Amino acid sequence: KAAEQCDVSPDLYAEVRVNMGAVFMKIKDRYEAKRNFELALQLRDMGSAHVNLALLALAEGQMSNDPRDGVRALKEAEGHCRKAVDLNDDVNAVNGATRLLGDIGKMLDQMNAR
C-alpha cells in the first residue's frame, strides 16, 4: 500500500524489501529477514532475494543437530541458487549463487545426499 500511495513501482518496492531483508540479516533477525525476502519475491522474482534466502536456509541448517535438517537446508538453498542463476537479472546474484552452488554440491556429495 505504501508503494501505491507514493506512486512507486512494485519493482522498486521489491528492491526495498530485499534491502530491508539484508538489514535484518545484518542484525541477525532471521525471521524478519526471511519475511522481507519472501515479500520481495511476491512483488517480483529477483535473484538477490533468492540468494539471500539460500544463505538463510544454510544458516538455519547449521543450527540443527539433525543431519536430515542439514540436507533439507542444503537442498532448499540449492533450489534458491538455481532460481537466481536462471533469472540472470543481477550479475552479483548470479555470481554469488554460482559460488554457493559449487559449495552446496560438494557438501551434498560428501553426505551422499544427491
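Everything below is about the structure shown above.
Residues numbered from 1 in each chain as written. Predicted model: local features only at pLDDT ≥ 70, side-chain atom pairs only at ≥ 80, totals over all residues. Heavy atoms only, no water.

Draft legend 1. Region of the structure containing the pattern of salt bridges. Scanning the model with the defined rule gives 5 salt bridges in all. With a shortest N-O distance of 2.8 Å, Glu-15 and Arg-44 are connected by a salt bridge. With Glu-15 in helix H2 (residues 10–26) and Arg-44 in the loop between helix H3 (30–43) and helix H4 (47–63), this residue pair connects regions lying 29 residues apart in the sequence. Judged by relative accessible area, Glu-15 falls into the partly exposed class, the value being 32%. You can call Arg-44 partly exposed: its relative accessible area is 23%. (Salt bridge = Lys/Arg side-chain N within 4 Å of Asp/Glu carboxyl O. Helix = DSSP H or I, 4+ residues; strand = E, 2+ residues; numbered from the N terminus. Buried < 20%, exposed > 50% of the residue type's maximum accessible area, 1.4 Å probe, protein only.)

Draft legend 2. View of the environment of Pro-10. Positionally, Pro-10 belongs in helix H2. Each C-alpha atom of the pair Pro-10 and Tyr-31 lies 23 Å from the other, and the pair is 21 residues apart in sequence.

Draft legend 3. A look at the nonpolar core. Within the largest apolar cluster, 15 residues are counted, with the highest numbers of intra-cluster contacts made by Val-51, Leu-58, Ala-77, Cys-81, Leu-100 and Ile-104. Taken together, the elements giving at least two residues each to this core come down to H4, helix H5 (67–87) and helix H6 (91–110). Residue contributions to this core peak at 6 residues, all from H6. The residues contacting Ile-104, other than those within four sequence positions of it, are Leu-58, Leu-74, Ala-77, Glu-78 and Cys-81. Ala-14, Phe-37, Ala-49 and Leu-53 belong to the second largest nonpolar core, which has 9 residues in total. (Core = buried A, V, L, I, M, F, W, Y, C linked by side-chain atoms within 4.5 Å. Contact = heavy atoms within 4.5 Å.)

Draft legend 4. Structural detail: the environment of Thr-98. Relative to the helices and strands, Thr-98 is located in helix H6. Of the residues examined, Thr-98 reaches a relative accessible area of 45% and is grouped as partly exposed. For the pair Thr-98 and Tyr-13, spaced 85 residues apart in sequence, the C-alpha separation works out to 26 Å.

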